[in-house]
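Residues per chain, in single letters:
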Amino acid sequence: MSNLRIFAVNQKKISSLHYFNNMCSSKIRASLKRLKLHVLLGRNYSSLPGLIGNDIKSLHSIINPPIAKIRNIGIMAHIDAGKTTTTERILYYSGYTRSLGDVDDGDTVTDFMAQERERGITIQSAAVTFDWKGYRINLIDTPGHVDFTLEVERCLRVLDGAVAVFDASAGVEAQTLTVWRQADKHKVPRICFLNKMDKIGASFNYAVESIREKLKAKPLLLQLPIGEGKAFKGVVDVVRTEKLLWNPNSDDGKDFERKPLLEMSDPKLLKETTEARNALIEQVADLDDEFADLVLGEFSENFDLLPAEKLQTAIHRVTLAQTAVPVLCGSALKNKGVQPLLDAITMYLPSPEERNYEFLQWYKGDLCALAFKVLHDKQRGPLVFMRIYSGMLKPQTAIHNINGNCTERVSRLLLPFADQHIEIPLLTAGNIALTVGLKHTATGDTIVSSRSSALAASRRAKREGEKKQKENNEAERLLLAGVEIPEPVFFCTIEPPSMAKQPDLDHALKCLQREDPSLKVKLDPDSGQTVLCGMGELHIEIIHDRIKREYGLETYLGPLQVAYREAILNSIRATDTLDRTLGDKRHLVTVELEAKPVETSSLLPVIEYAASVAGDLSQASREAFENGVHSACLQGPLLGSPVQDVAVTLHSLVIHPGTSTTMISACVSRCLQKALKKADKQILEPLMNLEVTVSREYLSPVLADLAQRRGNIQEIQSRQDNKVVIGYVPLAEIMVNG
């Protein structure tokens, strides 16, 4: 909350404040502008999910594999790093699709929405399930655009591991930092995949260095590229000292050969690989005591004799401990390096039983699941994506929603194999699946088998909290661990074509809000208009487009406006009396309160009571006072924006017998508005972190343009032949029409 800028409005001192920790990349990408029409291509499928080649498995092993063989992973990255293309290649090589999907052609499995295919970007995270060499992998492809940060957040909440994809020519970019921080918050182990090694300007060393410097991570180089840019033809497996070369004549990249590196044929490459392997062994030994003992004991004389399996086991432990990240490389578009990436996912990322979830001990094997995403299907109704943490789930069973405090019935369970859904008879711990029939469950809801199960878990959590002398709300927070939803930064009005269509619009917005909790809808009390609040221009544009395509409503959007906030600069006291007679009843309230600024950021007002009144107030009077304070803070005196960073202290409240709580709230609200008007005020506006990649000759005009937009430049970095300008700029100045 430190970025301030002072400017004047109505002879008051007004400052701008960075109150949203958002990222904005100002790279103008062709893919974001693409609005070409595409012919949606048909797709061929394997005969049966789980049957690859002649590998015929039992139905039970396909539906519910052993928990040690399950990997719940996500693919996360900056825009255009190649997440969706990597996912497509993974599905193809695992045998679940028979044709290679392409983002440019609009025929990918995970980007199935019309808006995604037109723009060539991922908007919704999509879950797909497939098998690889006896492992069940539940993979989620997440968006890279800043407007859809919540999609990444709610997926990381249920994942056991993640693959961070990087553009090898750019290294760590703006949104990479955001998703990396989100993964840190949820303590998700991850591996890095340096994609686009075939791109002109690709640099393996630069990308690795940017991971080390910008992400403050320790990269473990498990592979080295053979060639870079157009010369890229394969990778070296550092752990096994082998080279993997892809057949240049192969169309789909399935055809590659693995050869040991020999002194006679590849002396230079062997020397590089041996040095890299020795460095890797030393790195892992520094981070893992068990491995260090092994190395110093048996193999201190010659690291070459160390078995690859021992090294792989140690890398697995280090990855789980999140003390370092394995790094692999390849080119998903050119079909190189994807199969070794799949091997690394199964080898180094954890199974569900290797992750330690504190709240599981309170359920003692009963059902505990988290609903992390809702989709609306026209035929089947709401589809709820669910991660099972413990117990099992069967169709036609009743479940209890703790957050909604309601009981619902699951009618069917579906497993998302590529873009077809397979009905299954039960779901065990560690798995991710779709449920049909839940009408009230929303994103972030905790699902248990019954209300009594939830109460028993709550009692155990409370006892555990008392033992460890923790606060009870800490235990409750873990019990109902959901998803943090960021505050919106844009808003605009939305109107139906006629008042007769208003109920249809309300229904469409209600469905979209269940799918996307970062979309807020409110009613303007003055004009009666419906107001959409979203995370960005693209976010609101997509919502508008979906209402038209999916619900058949031609709606009209008002101009986009930035979500400003207001705050006060000094303490102020105010007194107000409300005296009304309604019928034969007299309502009389006198209130004295104080409003003052608070140091720490708080979107909601901090409510305090003076010692003189704290003991005398009834619960009803307290609630009425708090309602009055909250309603007064919804609209500030300057722009009518919400007031934040304010503390309100009640000093005196005199209530005539028989006065209604509504009148108390009205008096408190009026008194606080009077205090806010008298105080010195400031406007707060959202600032966006900005990263502009520009060639050297255009650096001066870009800096001049940012200065015109009230931008603040923090540093200018070099990235090969380009310059990278890093700073922040007010959101109002970088709107498309701004």
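Look up a bit, the structure's there.
Conventions we followed
- Residues numbered from 1 in each chain as written.
- Predicted model: local features only at pLDDT ≥ 70, side-chain atom pairs only at ≥ 80, totals over all residues.
- Heavy atoms only, no water.
- Pairing = 2+ DSSP bridges.
- Helix = DSSP H or I, 4+ residues; strand = E, 2+ residues; numbered from the N terminus.
- Axes fitted to C-alpha atoms, helices over the stretch in contact; angles between N-to-C directions.
- Contact = heavy atoms within 4.5 Å.
- Salt bridge = Lys/Arg side-chain N within 4 Å of Asp/Glu carboxyl O.
- Buried < 20%, exposed > 50% of the residue type's maximum accessible area, 1.4 Å probe, protein only.

Peer 1: What is the right way to look at the sheet that holds strand 32 (residues 585–597) in this model?
Peer 2: Sheet strands associate in pairs through backbone hydrogen bonding, adopting either a parallel or an antiparallel arrangement. Pairing is mixed in the open sheet, where 4 strands are placed in the order 31-32-34-33. Two strands close off the open sheet at either side, each with one partner strand: strand 31 (572–582) and strand 33 (606–609). Averaged over all pairs of adjacent strands, the angle between their axes in this sheet comes to 30°, without regard to strand direction. Of the strand pairs in this sheet, strand 32 and strand 34 (residues 646–655) are connected by 9 bridges, and their pairing is antiparallel. Paired with Thr590 across the bridge in strand 34 is Val654. Contacting strand 32, strand 33 and strand 34, helix 17 (residues 619–632) crosses the sheet at an angle of about 140° to strand 33. Its contacts with the sheet place helix 18 (residues 661–678) against strand 31, strand 32 and strand 34, and it is angled at close to 145° to strand 31.

Peer 1: I'm lost on the pattern of salt bridges in this one. Help?
Peer 2: Side-chain pairing between opposite charges can occur once the charged atoms of the two side chains come close. Counted by the stated rule, this structure contains 26 salt bridges. Between Glu242 and Arg258 there is a salt bridge, with its nearest N and O atoms 2.9 Å apart. Of this pair, Glu242 sits in strand 12 (residues 242–246) while Arg258 sits in strand 13 (residues 256–260), and the two are 16 residues apart along the sequence. Residue Glu242 is classed as buried on the basis of its relative accessible area, which comes to 18%. Across the pair Glu685 and Arg710 runs a salt bridge whose closest N-O atoms are separated by 2.9 Å. Placement of Glu685 in the loop between strand 35 (681–684) and strand 36 (687–695) and of Arg710 in the loop between helix 19 (699–708) and strand 37 (712–719) is noted, with a sequence separation of 25 residues between them. Overall, the relative accessible area of 2% leaves Glu685 in the buried class. Taking relative accessible area as the criterion, Arg710 reaches 25% and is therefore assigned partly exposed.

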